[in-house]
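Reading the structure
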Amino acid sequence: MTLISAENVSVHHAGLPTLDSVSFAIQPGEIVTIVGPNGSGKSTLLRLLIGAITPNAGLIRRSSDVRIGYVPQKLAIDGNLPMSVRRFLDLPHRVSNAKAHEAMATAGVTKLANKQMSALSGGQFQRVLLARAILSRPNLLILDEATQGLDQPGSAQFYRQIEEVRQDLGCAVLMVSHELHVVMSASDRVICLNGHICCEGTPDVVSATPAYRELFGSGTHGALALYRHDHDHHHDHAHDH
């Protein structure tokens, strides 16, 4: 049974990275990671899957029982607005204390229930977003660069939390990530995206393909340097390919 699939999906909306004839599917319980340079359409693809935007061509198919939990890349909260972690979990719909406690326990933030959102560290904030995403006990958890801005220990801790969530819920996980060393150790399948799918398969197979090496080099350091160059200078390598 496929949880969700894209079938020859293309996006040509103004202001969004272009996607061209993208097809793939997510099966129950698997961890799939999408990698690619900035501007390659990774976030656009996730927004298609959750229904935030519609494709210009092609279809997104969702199984009748798919429940999606989504952790965004970032979320701006007014620092002057008093809001505890527990109150945040009530947005946009109030949830029972039992459900909130269960989600916070699974995400590892039970002790933060009464803390103000504005007082959280980066890692704590991301785990609270994770708790909110799993309130409905999803069978597909989608994360868009969820560790961006965290240092390496914080990032590693967050990925361990994701693995615990997967074991607890039995859910599939779809991640966008630039941290290839994590991707290559934690994913069942890697999709290399650059406007289209350049290569797809197990980490070992993908890392050996010419398309992957052309984008990222032969090691992870080249990829991280590429990402930081893109991120710091807002330069898009995607037009070269």
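Data block above holds the structure.
Right, let's walk through the structure included here. As the structure is a computational prediction, the values presented were derived from the model and not from experiment.

1. Some remarks on the environment of Leu 193
With respect to the element layout, Leu 193 can be found in strand 8 (residues 189–193). Taking C-alpha positions, Leu 193 is 37 Å from Leu 112, a pair spaced 81 residues apart along the chain. Those residues in contact with Leu 193 that lie beyond four places of it in its chain are Leu 19, Val 22, Ile 34, Val 35, Gly 36, Pro 37, Ser 40, Gly 41, Lys 42, Leu 45 and Cys 198.

2. With respect to the side chain of Glu 30
With respect to the helices and strands, the residue Glu 30 is situated in the loop between strand 2 (19–26) and strand 3 (31–35). At a separation of 2.7 Å, a polar atom in the side chain of Glu 30 contacts the side chain of Arg 189. Residues within four places of Glu 30 in sequence aside, it is in contact with Ala 25, Arg 166, Ala 172, Val 173, Asp 188 and Arg 189.

3. A word on the packing of helix 3 (residues 97–107) against helix 4 (residues 122–133)
Axis angle and axis distance: for two packed helices, these are the angle between their axes and the distance between the axes, and together they describe the pair. Relative orientation of the contacting elements helix 3 and helix 4 amounts to 135°, with a least axis distance of 8 Å. On the basis of the axis angle, helix 3 is oblique to helix 4. Like other packed secondary-structure pairs, helix 3 and helix 4 cross with a definite hand, here right-handed. Listed contacts from helix 4 to Ala 103, Met 104 and Ala 107 of helix 3 are Arg 127, Leu 130 and Ala 131. Tallied by class, the residues present in the contact of helix 3 with helix 4 amount to five nonpolar, no polar and one charged.

4. Comments concerning the nonpolar core
Formed by 37 residues in total, the largest nonpolar core has its most connected members in Val 71, Met 117, Leu 130, Ile 134, Leu 141, Leu 143 and Val 173. Per-element tally for this core: the top contributor is helix 4, with six residues. By size, the runner-up hydrophobic cluster in this structure holds 26 residues, among which are Leu 3, Val 9, Phe 24 and Val 176.

5. Focus on the packing of aromatic side chains
Across all of its chains, the model carries one aromatic pair by this definition. Arranged with centres 5.0 Å apart and planes meeting at 55°, the rings of Tyr 212 and Phe 216 form a pair that is tilted. With Tyr 212 and Phe 216 both in helix 8 (residues 210–216) and four residues apart, this pair spans about one turn of that helix. With relative accessibility at 4%, the residue Tyr 212 sits in the buried group. We classify Phe 216 as buried; its relative accessible area is 5%.

6. Quick notes on helix 4
Given a rise of 1.5 Å per residue, twelve residues ought to cover 16 Å, and the 17 Å separating the end C-alpha atoms of helix 4 matches this to within 8%. Within helix 4, ten of the twelve residues are buried, which leaves the element mostly enclosed by the surrounding structure. Those residues of helix 4 lying buried are Gly 123, Gln 124, Phe 125, Gln 126, Arg 127, Val 128, Leu 129, Leu 130, Ala 131 and Ala 133. Those residues of helix 4 that are buried lie in contact with strand 5 (68–71), helix 2 (85–88), helix 3, strand 6 (140–144) and helix 5 (152–169).

7. A few points about the sheet that holds strand 7 (residues 172–176)
With mixed pairing, six strands are arranged side by side in an open sheet as 5-6-7-3-8-9. The open sheet has two edge strands with one neighbour each: strand 5 and strand 9 (197–201). Across the sheet, the axes of successive neighbouring strands diverge by a mean angle of 15°, strand direction being ignored. Direction of pairing for strand 8 relative to strand 9: antiparallel, over a ladder of four bridges. Its bridge partner lying in strand 9, Val 190 is registered against Gly 201. Sheet strands touched by helix 1 (residues 42–50): strand 3, strand 5, strand 6, strand 7 and strand 8. Its angle to strand 6, the strand with the most contacts, is close to 150°. Strands in contact with helix 5 are strand 3, strand 6 and strand 7; relative to strand 6, the strand with the most contacts, it is inclined by about 165°.

Definitions and cut-offs
Residues numbered from 1 in each chain as written. Predicted model: local features only at pLDDT ≥ 70, side-chain atom pairs only at ≥ 80, totals over all residues. Heavy atoms only, no water. Helix = DSSP H or I, 4+ residues; strand = E, 2+ residues; numbered from the N terminus. Contact = heavy atoms within 4.5 Å. Polar contact = N/O pair within 3.5 Å; in protein donor to acceptor, adjacent residues only side chain to side chain. Axes fitted to C-alpha atoms, helices over the stretch in contact; angles between N-to-C directions. Parallel < 35°, antiparallel > 145°, perpendicular 65-115°, else oblique. Left-handed = near helix turned anticlockwise from the far one by under 90°. Nonpolar A, V, L, I, M, F, W, Y, C, P; charged D, E, K, R; others polar. Core = buried A, V, L, I, M, F, W, Y, C linked by side-chain atoms within 4.5 Å. Buried < 20%, exposed > 50% of the residue type's maximum accessible area, 1.4 Å probe, protein only. Phe/Tyr/Trp six-rings, centres within 6.5 Å; stacked < 30°, edge-to-face > 60°. Expected span 1.5 Å × (residues − 1). Pairing = 2+ DSSP bridges.

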